[in-house]
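# Analysis of the macromolecular model
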Amino acid sequence: MGETYYLYTKGLTVGYDGVPLIRNIEFCLEKGEILTLIGPNGAGKTTILKSLIRQLKPLGGVVCLDGQEIASMSGRELSMKLSVVLTDRVRPELMTCEDVVATGRYPYTGRFGVLSEEDRRIVRETMELVHIAELSDRDFMQTSDGQKQRIMLARAICQEPDIIVLDEPTSFLDMRYKLEFLSILQKMSRSRNLSVVMSLHELDLAGRISDKIACVKGDRVERFGTPEEIFSKGYIQELYGMTSGSYDERTGNLELEAVKGQPQIFVLSGNGSGTPVYRRLQREGIPFAAGILWENDLDYPSAKALAAEVISVKAFGRMDDKTQKRAEELIDQCSRMICTLEVNEPGEVHLKFEEIKEYARRQGKF
């Protein structure tokens, strides 16, 4: 861990009232990279972020930004390099949304806080960037939680920092605005070389947007690396102490616990067509079997998580007579078969599926 990184920590220990919560935190970030903290609720992600921005005094170790210890920077110097969006609710009275965004320019306005025409241009452009220009004259307190979150992002961007720190920034946003919010961060990391440190609960989004991920568990950062290194088989379930359901690292799918028992329905499926049926059967408490699936099929992760039995073959492998026979045995055991897949291309796969469907018809189960 060295001085070549734009942000790094060394031996950092954080906590409250002199009591360490997380010890010996070491991670690093290049200019323009996105670092995401993940981990269970209460693990200490917010505590780490508050220590990075000097809201909490570290109990040991150092945080270095652009070759300088943060502890040695003046408030103005730090605010010109770093901006913050925390989950703490702000309650500015009698301020419009534009007024709130404009406070991001205060590090540049001097003692009297008077905005120049250039400052106002930056405020307007930032509000347009974050898609809140139409809220300009609205009372900040009359906006929704999601709008407030985007306004606070605009305020942070308006500060023109080199690095932005965000605590669960997507918490109050619906699906559309989650994606817009993170897309803005990603675009700015690329176009303006903006570094980002944030915490997220949405693992699928963390895996997509992050250059680096730090996993907080117990009294330490248990793992630090790229998404490909972190989302390795079984680790996320271990990190979160999952005791029911499943998480698939390849797809980001979370599934509830499979229904136990002898399969009652056989689902002939593939190409992603079966997953909605698997989930409906799980909701209805009906155990089922699924197949015949290649192990790289879109349906395979959900089938593995939810089905009592899955008939599968290796990716692009051959569906042989033994595989077909097992499907027919399961059809015999089940009360009926559901087929979600139409295979229209001639060939061995088409033939196997048609033979299985015909077998189920003869049994009166399809």
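Structure shown above.
Residues numbered from 1 in each chain as written. Predicted model: local features only at pLDDT ≥ 70, side-chain atom pairs only at ≥ 80, totals over all residues. Heavy atoms only, no water.

Let's shift gears to the sheet that holds strand β10 (residues 212–217). Spatially, β7-β8-β9-β4-β10-β11 is the arrangement adopted by the six strands of the open sheet, whose pairing is mixed. Here the strands that pair on one side only, and so sit at the sheet edges, are β7 (82–85) and β11 (220–225). When strand polarity is set aside, the average angle formed by the axes of neighbouring strands in this sheet is 15 degrees. Pairing between β7 and strand β8 (residues 163–167): four bridges, direction parallel. (Pairing = 2+ DSSP bridges. Helix = DSSP H or I, 4+ residues; strand = E, 2+ residues; numbered from the N terminus. Axes fitted to C-alpha atoms, helices over the stretch in contact; angles between N-to-C directions.)

For helix α6 (residues 145–158), which comprises 14 residues, the first-to-last C-alpha distance of 20 Å matches the rise-based estimate of 20 Å (1.5 Å per residue) to within 8%. Residues of α6 that are buried include every one of G146, Q147, K148, Q149, R150, I151, M152, L153, A154, A156, I157 and C158, and no others. Where α6 is buried, its residues meet β7, α3 (97–102), α5 (117–129), β8 and α7 (175–191). Following α6 by one or two positions, E160 adopts a phi angle in the positive range, close to 55 degrees. (Expected span 1.5 Å × (residues − 1). Buried < 20%, exposed > 50% of the residue type's maximum accessible area, 1.4 Å probe, protein only. Contact = heavy atoms within 4.5 Å.)

Before going further, it helps to examine the packing of α5 against α6. Contact pair α5 / α6: the axes reach a minimum separation of 9 Å and the direction vectors enclose 135 degrees. As the angle between them shows, α5 and α6 are arranged oblique. Note on packing geometry: the crossing formed by α5 with α6 is right-handed. Along its contact with α5, which presents I122, V123, T126 and L129, the element α6 presents A154, I157 and C158. Here the contact of α5 with α6 is built from residues that sort into six nonpolar, one polar and no charged. (Parallel < 35°, antiparallel > 145°, perpendicular 65-115°, else oblique. Left-handed = near helix turned anticlockwise from the far one by under 90°. Nonpolar A, V, L, I, M, F, W, Y, C, P; charged D, E, K, R; others polar.)

Mapped onto the secondary structure, Q159 falls in the loop between α6 and β8. For Q159, the residues in contact, after removing those within four places along its chain, are S79, L82, S83, G104, R105, P107 and Y108.

It is worth spelling out the sheet that holds strand β17 (residues 336–339) at this point. A sheet is described by the order of its strands in space; here four strands give the open sequence β16-β15-β14-β17, paired in parallel fashion. Either end of the sheet is taken by a strand with one partner, and the two such strands are β16 (309–313) and β17. The average undirected angle you get between the axes of adjacent strands in this sheet is 15 degrees. Sheet analysis places strand β14 (residues 265–268) next to strand β15 (residues 288–294), joined by four bridges and oriented parallel. If you follow L268 over to β15, its bridge partner there is G291. Across the sheet, helix α14 (residues 348–362) touches β14, β15 and β17, and the angle it forms with β17 is around 145 degrees.

Geometric descriptors of this kind do not, in isolation, establish any biological role.
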